[in-house]
Amino acid sequence: MSARNRGTELDQVGGATEEGVDLPSSLHPTGMHTSGFGCFPMEPEALNLSWISKMQVNQPAVLRRAQQIQARRTVKKEWQAAWLLKAVTFIDLTTLSGDDTSSNIQRLCYKAKYPIREDLLKTLNMHDKGLTTAAVCVYPARVCDAVRALKAAGCTIPVASVATGFPAGQTHLKTRLEEIRLAVEDGATEIDVVINRTLVLTGQWEALYDEIRQFRKACGEAHLKTILATGELGSLTNVYKASMIAMMAGSDFIKTSTGKETVNATFPVAIVMLRAIRDFFWKTGNKVGFKPAGGIRSAKDSLAWLSLVKEELGDEWLTPDLFRIGASTLLSDIERQIYHHVTGRYAAYHDLPMS
């Protein structure tokens, strides 16, 4: 297999120009997906250590590709409102604070169900489309609060819970597994686990595979999102290898960061993870999702992430089943930008196929 097919030689790829990216049909507001997964949890693959040992990432090529992405405008102006609305449907609306209470979880769930002001949606003829975020994400102790709040609101948005000693992952394995089981018992249908970074830094790939396999089993029918904490893995090659191990072990998603590291979601690590997802799909036929998290705060950032996923993996991955954005403050800026589109430049959008 060539270096390019392993995802290690990263050349410029098609799908965009300096003028921006056109809106694919799957991104039209008329074709918006409902939140939640549309598939069963991933089944583990056999561990292939010979494949892992051969993996090397061409770091200069990755950095060049990242610079190309950051240097250009990602979306044509006439499509920005539609892309922003679609970005909302990918958000795992998150609160992971030490002072979380049942009342602020209630507010979070309300915002997840009603992410954009109704008057703005009416102007765009989107008020009756059932627009929500993809999920809410909370600490295990707050899962019951979130489930209760969403049920009271008559809402089926999934509840995701972080687990396994978040954010450091440095508690005993037995404790981490029990934390998963308790979150699932309380009603979480998605579990965002953190890996033991020591296993990556010391090259203990079989131990990492076995650990994630146990996470997978503890999740039962809940979906497993594996947080790699890429800012603490030491190299892009380690990011690629950890991504592949996590997918082999049965992860439904691989996620960049906890949001608590010094370095969180960046384009270089995203490119490496997306290429790993693509390579895994080519090898196994299984589609694994991608979730950047940490430091994604602006509407412009969200458009760049959507554009990157479209270019690297294609329109098929632009669904909440395969793409999420972990964020706590992003939604406010998206709503603000949509307000500017509607009130300041709506005349430029009157021909959009919004209905």
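Just so you know, these numbers come straight off a predicted model, no measurement behind them.

1. A few points about the confidence of the model for the protein chain
Per-residue pLDDT for the protein chain averages 86, and the proportion of residues at 70 or more is 85%. Confidence drops under pLDDT 50 across residues 1-36; counting only partners more than four residues distant or on other chains, this segment forms 106 contacts. Every residue in residues 346-355 is under pLDDT 50, and counting partners more than four places away or in other chains gives 24 contacts.

2. Focus on helix α11 (residues 267-284)
When the terminal C-alpha atoms of α11 are compared, their 25 Å separation across 18 residues agrees well with the 26 Å that a helix rising 1.5 Å per residue should span. In terms of burial, α11 is a largely internal element, 14 of the 18 residues being buried. Taken from the residues just after α11, G285 is the one with a positive phi, measuring 80 degrees.

3. Considerations on the pattern of salt bridges
A complete count under the given rule lists 24 salt bridges for this structure. Notably, a salt bridge pairs D145 with R142, separated by 2.6 Å at the nearest N-O pair. Among the residues examined, D145 registers a relative accessible area of 9% and is labelled buried. Judged by its relative accessible area of 22%, R142 falls in the partly exposed class. For K225, the salt bridge is made with E190, and the minimal N-O distance between the two is 2.7 Å. Remark: E190 occurs in strand β4 (residues 190-194) and K225 occurs in strand β5 (residues 223-227); sequence separation between them is 35 residues.

4. A short note on the nonpolar core
I116, M244 and I334 are the most contacted members of the largest nonpolar core, which has 102 residues in total. The greatest single-element share of this core, amounting to 10 residues, is contributed by α11. With residues up to four places along the chain from it excluded, the contact list for I334 reads L84, A87, V88, I91, I116, A299 and S302. Among the nonpolar cores identified, the runner-up in size contains seven residues, and L96, A160, V162 and V194 belong to it.

5. Some points on the packing of aromatic side chains
Under the defined criterion, the tally for this structure stands at seven aromatic pairs. Seen in terms of ring centroids, Y139 and F166 are 5.9 Å apart; in terms of plane orientation they differ by 75 degrees. Their pairing is edge-to-face. Placement of the pair is Y139 in the loop between β2 (135-138) and α6 (143-152) and F166 in the loop between β3 (159-163) and α7 (173-185), with a sequence separation of 27 residues. Judged by centre distance (5.6 Å) and plane angle (80 degrees), the rings of F281 and W317 are edge-to-face. Residue F281 is found in helix α11, and its partner W317 is found in the loop between α12 (299-313) and β8 (325-327); the two are separated by 36 residues along the sequence. Three or more aromatic residues joined by ring pairs form one cluster here, namely F90, F267, F290, W305 and F323.

6. Digging into the packing of helix α4 (residues 102-113) against α6
At their nearest, the axes of α4 and α6 sit 9 Å apart, and the two run at 45 degrees to each other. Taken together, the axis directions place α4 and α6 in an arrangement best described as oblique. Judged by the sense of rotation from one axis to the other, the crossing of α4 with α6 is right-handed. Residues S102, I105, Q106 and C109 of α4 form the contact with α6, whose own contacting residues are D145, A146, A149 and L150. Each residue belonging to the contact of α4 with α6 can be placed in one class, and the counts come to five nonpolar, two polar and one charged.

What counts and what doesn't
- What you see as residue numbers is a count from 1 along each chain, following the sequence as written.
- Given that this is a predicted model, residues contribute local features only at a pLDDT of at least 70 and side-chain atom pairs are listed and counted only at 80 or more, while totals for whole chains, interfaces and linings are drawn from all residues.
- Values shown for side chains rest on all heavy atoms present in the structure; no hydrogens or waters enter the calculation.
- As a per-residue measure, pLDDT tells how confident the predictor is, with possible values from 0 to 100.
- In what follows, a contact means two residues having at least one pair of non-hydrogen atoms within 4.5 Å.
- Segments assigned H or I by DSSP are reported as helices when at least four residues long, segments assigned E as strands when at least two residues long, and all are numbered from the N terminus.
- A helix is expected to reach a length of 1.5 Å times the quantity of its residues less one.
- Any residue under 20% of the maximum accessible area for its type is buried, any over 50% is exposed, and the rest in between are partly exposed; the area is computed with a 1.4 Å probe on protein chains only.
- We define a salt bridge as a side-chain nitrogen of Lys or Arg found within 4 Å of a carboxyl oxygen belonging to Asp or Glu.
- What is meant by a nonpolar core is a set of buried Ala, Val, Leu, Ile, Met, Phe, Trp, Tyr and Cys residues, joined one to another through side-chain atoms within 4.5 Å.
- Under the pairing criterion, centres of Phe, Tyr and Trp rings, with the six-membered ring standing for Trp, must be within 6.5 Å; the plane angle then separates stacked pairs below 30 degrees from edge-to-face pairs above 60, leaving the rest tilted.
- Every angle, taken between N-to-C directions, lies between 0 and 180 degrees, and every axis is a line fitted to C-alpha atoms, over only the stretch in contact when it is a helix.
- Roughly parallel here means an angle under 35 degrees, roughly antiparallel means over 145, roughly perpendicular means 65 to 115, and every remaining angle is called oblique.
- Here a crossing is taken to be left-handed if its near helix is turned anticlockwise relative to the far helix by less than a right angle, and right-handed if that turn runs clockwise.
- Residues are grouped as follows: nonpolar covers Ala, Val, Leu, Ile, Met, Phe, Trp, Tyr, Cys and Pro; charged covers Asp, Glu, Lys and Arg; every other residue, Gly included, is treated as polar.

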